[in-house]
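Understanding the architecture of this molecule
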Amino acid sequence: MDNNFDVIVIGSGPGGYVAAIRSSQLGFKTACIESRKTLGGTCLNVGCIPSKSLLNASEMYHKAQKEFDSLGIEVDKIKLNLSKMMDNKNKSVLNLTKGVEFLLKKNKITHLKGKGLIKDKNTVQVSDKSGTKNIYKAKNIIIATGSVPTSLPNIKIDENIIVSSTGALSFKEVPKDIVVIGGGYIGLELSSVWKRLGSNVTVIEFLDHIIPGMDKDISSEFLKILNKQGINFKLDSKVTNVNLIKNKAVVDFTHNKSQIRERIECDKVLVAVGRKSNIGYDIKNLGIKLNNKEKIQVNEKFETSIKNIYAIGDVIDKGPMLAHKAEDEGIAVAEIIAGQAGHVNYNVIPAVIYTSPEVAMIGKTEEELKKENIKYKIGKFPFLANSRAKVNNETEGFVKIIAESKTDKVLGMSLICSVAGSLISELAIAMEFGASAEDIARTCHAHPTHSEAIKEAAMAVDKRPIHF
Ligand SMILES: Cc1cc2nc3c(=O)[nH]c(=O)nc-3n(C[C@H](O)[C@H](O)[C@H](O)COP(=O)(O)OP(=O)(O)OC[C@H]3O[C@@H](n4cnc5c(N)ncnc54)[C@H](O)[C@@H]3O)c2cc1C
């Protein structure tokens, strides 16, 4: 095999495999290195895909138990078969990872199996499982090594009782009591899964609200909804210790303001306090510049501090740690290497929490605009007044659109709705085209759909909603 490539991508997550495919489309001889057994990175193996499979299956189970009867669907006995649910999840993961394998082959990308180590700006060593080391040369190297879960200083994840999201995606039995440390999106999605399947779930969050960075209106409504679903919250509280006693964990935490100490005994502890960039010692040895959070610093062309070495995805100091952000960067970086104008608009990256109802947001929050001293108008519309949501018995939540006072240009939107994750794309397109709230208000939306609530919220920016 010829070991010389135009582009070598390290990592096959949504950033890496997309960068490899786009590079190959642009005529580059490309290789993609992956140390994991299957392709697709965190997203496909232990992230987006398995979590959404369990969210979907557990929601069906919950609905069959609690909602079917009122719809006139009588089911005799509903029984959970967790191992079958897990098999279904594993099958979906396998299918999708095989799909990436197929795409690499189709695009004539060389799949190098093993751990990639950058030796210098044009050389990568790949060590496979057997210990064999091979050297490859590349004109350009793209680092797409992603991220790994973090923990708190005094808490050691054992993936048995004290687990990361990876462990919480594969419990063999439904735990009776779970403590989730961290009220971010990963913690809340997995809280929903296990609550629906029968666990008692308590979320302990350091801040006095859930989902940092989310619009406060949405965050407090979301908290109310999750509380109603039976998830317990201990906000404004710091976990000080987790001790293992036999097959149980004892979680100690202190309320930040009152300093009152509490203790919960549970079967599993999910540590969901964030993720850190996956930086190998080669990156440090080469002196590639990192920021103070140990993320790779890149410029607007995704160039690191070493020429011809680029970085994208969770590993860099730009944008949120999300799969679609990594994918867009993968396309942009390949186009930039090809001399084209690859670009990612970090102001328009949607974020979705796939609970029930879903939560989605894009652009600026009200709090950010206040800080930036930008004058804005708000339009809100509740799903209680949306006909489709009403017939589906999905009336929780609302849409909130924020537009600039003077120009009416849409600056952001947040919403809670059963299909928020799909609806947010409308706003992504609107914002990319620089739409005003009036543009959305004057656009015909199909009836009866949840999307009509977006049109109504846009009309509410000008204080003229029809159905509320
Ligand atoms: C539970 C969970 C749920 C999530 N849900 C969502 C969601 O719904 N939507 C969303 O947008 N995002 C979600 N994410 C985040 C998403 O998974 C990440 O943002 C995304 O995977 C980042 O892509 P990436 O390509 O940068 O890195 P990764 O997907 O982390 O891929 C990096 C790959 O590089 C490989 N690698 C690392 N070092 C080397 C090396 N030296 N040599 C060879 N290979 C190497 C790793 O094995 C890995 O496969 C979720 C994450 C988790 C944990």
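Placed above this text is the structure.
Residues numbered from 1 in each chain as written. Predicted model: local features only at pLDDT ≥ 70, side-chain atom pairs only at ≥ 80, totals over all residues. Heavy atoms only, no water.

1. Details of the overall build of the protein chain
Basically, it comes down to this: Every helix listed is a DSSP run of H or I at least four residues long, and every strand listed is a run of E at least two residues long, numbered separately from the N terminus. Categorising residues by exposure relies on relative accessible area from a 1.4 Å probe, with only protein chains included: less than 20% of the type maximum marks a residue as buried, more than 50% marks it as exposed, and the intermediate range marks it as partly exposed. For the area figures, the Shrake-Rupley method with a 1.4 Å probe applies, and any residue is considered shielded solely by the protein chains shown. In summary, the charge assignment counts Lys and Arg as positive and Asp and Glu as negative, without counting His or the chain termini. Lysine's charge is taken at NZ, arginine's at CZ, aspartate's at CG and glutamate's at CD.
Tallying secondary structure elements over the protein chain gives 14 helices and 22 strands in all. Considering only C-alpha atoms, the protein chain reaches an extent of 65 × 60 × 50 Å along its principal axes. Taking all 468 residues of the protein chain together, 51% fall into the buried category. As presented, the protein chain carries roughly 22,700 Å² of accessible surface, and 51% of it is formed by carbon and sulfur atoms. In the protein chain, the 65 positive side-chain charges and the 53 negative ones have mean positions that sit 5 Å from each other.

2. Side note on helix α4 (residues 82-106)
Test applied: By this rule, a helix spans an expected 1.5 Å times one less than how many residues it contains. In this description, contact between two residues means that some pair of their heavy atoms is separated by no more than 4.5 Å.
Across its 25 residues, α4 extends 36 Å between first and last C-alpha, which sits within 8% of the 36 Å expected from 1.5 Å per residue. Within the span of α4, buried status applies to L82, M85, M86, K89, V93, T97, V100 and L104. The inward-facing, buried residues of α4 contact α1 (14-25), β2 (30-34), α2 (41-46), α3 (48-66), β3 (110-113) and α6 (185-196). Phi for K108, located one or two positions after α4, is positive at around 55°.

3. Section: the sheet that holds strand β11 (residues 232-234)
To keep it simple, the criterion reads: DSSP bridges decide pairing: two strands pair if at least two such bridges lie between them. Between N-to-C directions, angles span 0 to 180 degrees; the directions come from axes that are lines fitted to C-alpha atoms, helices contributing only their stretch in contact.
The strand order across the open sheet built from 5 strands is β8-β15-β9-β10-β11, with neighbouring strands paired in parallel fashion. Since the sheet does not close on itself, it has two edges, and those belong to β8 (162-163) and β11, each with one partner. By the bridge criterion, 4 bridges tie strand β9 (residues 177-181) to strand β15 (residues 268-271) in an arrangement that is parallel. Residue pairing for β15: V180 is matched across the bridge by L270. Where α6 meets the sheet, its contacts fall on β9, β10 (200-204), β11 and β15, and the angle it forms with β10 comes to roughly 165°.

4. A look at the packing of α1 against helix α9 (residues 323-337)
How we decide: Oblique is the label for any angle not covered by the other classes, which are roughly parallel (under 35 degrees), roughly antiparallel (over 145) and roughly perpendicular (65 to 115). Two helices that cross are described as forming a left-handed crossing if the nearer one is turned anticlockwise from the farther one by less than a right angle, and a right-handed crossing if clockwise.
Between α1 and α9, whose axes approach to 7 Å, the crossing angle comes to 30°. Between α1 and α9, the interaxial angle falls into the category roughly parallel. Considering the relative orientation of α1 and α9, their crossing is right-handed. Here P14, G15, V18, A19, R22 and S23 of α1 come into contact with α9, specifically with A323, A326, E327, G330, I331, V333, A334 and E335.

5. Quick word on the site of the ligand
The line we're drawing: A cutoff of 4 Å decides nearness: a residue is near a molecule or strand if any of its heavy atoms lies inside that distance of it. Pairs of N or O atoms within 3.5 Å make up the polar contacts considered here, provided that, within protein, one atom can donate a hydrogen while the other can accept it, and that residues adjacent in sequence are counted only when both atoms are side-chain atoms.
Close contacts around the ligand come from 39 residues, with E34, T42, K52, G116 and A323 the closest. A distance of 3.4 Å separates an oxygen atom of the ligand from a polar atom in the backbone of P14. One of the backbone nitrogen or oxygen atoms of A323 is found 2.8 Å away from an oxygen atom of the ligand. Of all elements in the fold, only α1, β2, α2, α3, β4 (115-120), α6 and α9 reach the threshold of two or more residues within the shell around the ligand.

6. Some details on the nonpolar core
Put simply, the test is: Among the buried residues, those of types Ala, Val, Leu, Ile, Met, Phe, Trp, Tyr and Cys that are joined through side-chain atoms within 4.5 Å form a nonpolar core.
I8, L104, I142, I143, I296, F302 and V333 are the most contacted members of the largest nonpolar core, which totals 51 residues. Those residues within four positions of I142 in sequence are excluded, and the remaining contacts are V7, I8, V9, I10, A19, S23, Y310, I312, V333 and I337. In terms of nonpolar packing, the next biggest core, distinct from the first, is built from 38 residues, L54, A57, V193 and I218 among them.

7. What about the side chain of D236?
Within the fold, D236 resides in the loop between β11 and β12 (237-245). A distance of 2.9 Å separates polar atoms of two side chains, one belonging to D236 and the other to K257. Ignoring sequence-local partners within four residues, the contact set of D236 consists of E205, F206, L207, D208, T254, H255, N256 and K257.

8. Comments concerning the pattern of salt bridges
To be explicit about the condition: Each reported salt bridge corresponds to a side-chain nitrogen of Lys or Arg within 4 Å of a carboxyl oxygen of Asp or Glu.
Across all of its chains, the model carries 25 salt bridges by this definition. D215 is paired through a salt bridge with K400; the nearest N and O atoms lie 2.9 Å apart. Of this pair, D215 sits in the loop between β10 and α7 (216-228) while K400 is found in strand β21 (residues 398-404), placing the two residues 185 residues apart along the sequence. The pair formed by D215 and K400 is uniform in burial state, with each residue classed as buried. Note that R464 and D462 form a salt bridge whose closest N and O atoms lie 2.8 Å from each other. The class for R464 is partly exposed, based on a relative accessible area of 26%. One connected set of salt bridges, linked through shared partners, spans D215, D217, E366, K370, K380 and K400.

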